[in-house]
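# Per-entry structural report
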Amino acid sequence: MFELNEKVRNLKPYDPITGKYQIRLDANESFVTPSQELREQIDEELRHIHFNRYPDPFANDVRKAFADLYGVPRSCVMAGNGSDEVISVVMNAFLQKGDTVVTLSPDFSMYAFYASLVECRVVTVEKNADCTVDVDRVIETCNREHARMLVFSNPCNPTSLVLAREAVRKIVSSVQALVVLDEAYMDFSDQSLLSEFAGYDNLLILKTCSKALGMAAIRLGFAVGTEKLIDVLQAVKSPYNVNTLTQAIGTVVLSNPGYLNAAVQRILESRDELYEGFLQLQEAHPGAQLRIFKPDANFVYIQTPKAAEIFEYLKEKGIIVRLTGGCLRISAGRNYENEAVLREVGEYLKGANA
Ligand SMILES: *Cc1c(COP(=O)(O)O)cnc(C)c1O
């Protein structure tokens, strides 16, 4: 009988909640979609696709568009099929079986998953009770454990908190490890290290088109680092990892900085509305012990002993949010979506006499 190996024996496919729910605020997607004009530009590009040909293996046009938008050289950018693929390529490239990877908790769960596939040891540094990062403890742990890689998101998914640039600088320059800094949500904040990546030979910054840019459907993510690191990623990735349609659409959208900036403004307004709404619920229902973190990304993170009950109650009402480690993570949505989630959480708390 064929025996499955240990590392895959207990794996389950990634299984987000599917089904018909009116309101989905569980995946930190954008509610902003390209304008009519942008859609027409995209349609025009798609009309000229050569479906019989393989994609450009170097994804040159889309890397150039990304590089110009963020002010980095194209030669320091690698493109992937979503940053999920980029994380997997990064780990395949820079880790070997038995290496140690340091992650933070809470943080994005995919880091530990991909590390386990390359048979690495994962050491987790717990965040403080207020979800802030103990920078010295992170540095000390990396160096004590001889970590080959440190990976974390900034701003953090799920806490929505940003770590100040100065603190990130201190980490990168104090550890021997390769630091994989996932800036998936940095368009919503202002503490990016992207403009100074070239000063560090142990830093890779990850970006995605799935969040602020609202392009989760096309699967497009990037890594930025010194040419030495990027050349390795280009050699390790599969040759045609970014398909031609994605390259074409990504090039159009990334070449329109006006779209990104306007989208970020709208999303931040929505996020603030959602955050303020929860602060009001907190005041009105002290019994619920809502702890609401001041968000630096496009979602709000709420600690409460009632998290699981609220999650189920919302689901009953056709609203999906993310329940994660006893907390709720709620993406900023359209006005009516924010209003609906606030109204229903309010109803729940009234009913629970909280
Ligand atoms: C959503 C998210 C990503 C993006 O993943 P894609 O594969 O590009 O859609 C990456 N990192 C974090 C922390 C995220 O929350």
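Residues numbered from 1 in each chain as written. Predicted model: local features only at pLDDT ≥ 70, side-chain atom pairs only at ≥ 80, totals over all residues. Heavy atoms only, no water.

## Here we look at helix α5 (residues 110-117)
Residues that lie three or four places apart on an α-helix share one face, since the helix turns once every 3.6 residues. Those residues of α5 not exposed but buried are Met 110, Tyr 111, Tyr 114 and Ala 115. Taken around the axis of α5, the buried residues stretch over an arc of 135°, which confines them to a single face. Of the surrounding elements, those touching the buried residues of α5 are α4 (82-94), β3 (100-105), β4 (121-126), β5 (149-153) and β6 (178-182). Remark: Glu 119 follows α5 within two positions and exhibits a positive phi of approximately 55°. (Buried < 20%, exposed > 50% of the residue type's maximum accessible area, 1.4 Å probe, protein only. Helix = DSSP H or I, 4+ residues; strand = E, 2+ residues; numbered from the N terminus. Arc of directions from axis to C-beta. Contact = heavy atoms within 4.5 Å.)

## Points about the domain arrangement of the protein
Interface size is commonly expressed as the accessible area that is lost once the parts come together. Domains assigned within the protein are domain 1 (6-30 + 259-353) and domain 2 (36-255). Centre-to-centre, using C-alpha coordinates, domain 1 lies 25 Å away from domain 2. With both sides pooled, the region where domain 1 packs onto domain 2 buries about 2,200 Å², and carbon together with sulfur makes up 65% of that total. Of all residues in domain 1, Tyr 259, Leu 260 and Asp 296 bury the most surface against domain 2, accounting for 28% of the area lost on that side. Between domain 1 and domain 2 we count 0 salt bridges in total. (Domains from an automatic or database assignment. Buried area = accessible area lost by both parts, 1.4 Å probe. Salt bridge = Lys/Arg side-chain N within 4 Å of Asp/Glu carboxyl O.)

## A look at helix α6 (residues 135-144)
All of the buried residues in α6 are Val 135, Val 138, Ile 139, Thr 141 and Cys 142. Seen from one end, α6 has its buried residues packed into an arc of 165°, which puts them on one side. Elements that come into contact with the buried residues of α6 comprise β3, β4, β5 and α7 (165-174). Phi for His 146, located one or two positions after α6, is positive at around 50°.

## Brief notes about the sheet that holds β4
In space, the 7 strands of this open sheet follow the order β2-β8-β7-β6-β5-β3-β4, with mixed pairing throughout. Only two strands of the sheet have a single neighbouring strand rather than two, namely β2 (77-80) and β4. Strand-to-strand twist of the sheet, defined as the mean angle between neighbouring strand axes without regard to direction, takes the value 20°. Summarising the sheet, β6 and strand β7 (residues 203-208) pair through 4 bridges and their orientation is parallel. In the strand pairing of β7, Leu 181 is matched with Ile 205. Across the sheet, helix α8 (residues 227-236) lies against β2, β6, β7 and β8 (221-224), angled at about 30° from β2, the strand it touches most. (Pairing = 2+ DSSP bridges. Axes fitted to C-alpha atoms, helices over the stretch in contact; angles between N-to-C directions.)

## Topic: the site of the ligand
Taken together, the neighbourhood of the ligand is formed by 14 residues, with Asp 182, Tyr 185, Thr 208, Lys 211 and Arg 219 sitting nearest. Between an oxygen atom of the ligand and a side-chain N or O atom of Asn 157, the distance comes to 2.8 Å. Ser 210 is positioned such that a nitrogen or oxygen atom in its side chain is 2.6 Å from an oxygen atom of the ligand. Taking 390 Å² as the accessible area of the ligand by itself, protein coverage stands at 93%. For the shell around the ligand, the leading source of residues is α4, giving 3 residues. (Near = heavy atom within 4 Å. Polar contact = N/O pair within 3.5 Å; in protein donor to acceptor, adjacent residues only side chain to side chain. Areas by Shrake-Rupley, 256 points an atom, 1.4 Å probe, with all protein chains shown as cover.)

## Quick notes on the sheet that holds strand β12 (residues 322-324)
Across the sheet, 4 strands lie side by side as β9-β10-β13-β12; this open sheet has antiparallel pairing. Only two strands of the sheet have a single partner each, and these edge strands are β9 (291-292) and β12.

## Description of the nonpolar core
If you look at the biggest cluster of nonpolar residues, it comprises 64 residues, and the most contacted ones within it are Leu 150, Phe 152, Ile 171, Leu 203, Phe 222 and Leu 254. The leading source of residues in this core is helix α10 (residues 257-284), at 6 residues. For this core, the domains that each give at least three residues are domain 1 (6-30 + 259-353) and domain 2 (36-255). Residues contacting Phe 152, with those up to four places away along its chain left out, are Leu 104, Asp 107, Tyr 111, Leu 163, Val 168, Ile 171, Val 179, Val 180, Leu 181 and Asp 182. In this structure, Leu 25, Leu 281, Ile 292 and Leu 328 belong to the second largest nonpolar core, which totals 26 residues. (Core = buried A, V, L, I, M, F, W, Y, C linked by side-chain atoms within 4.5 Å.)

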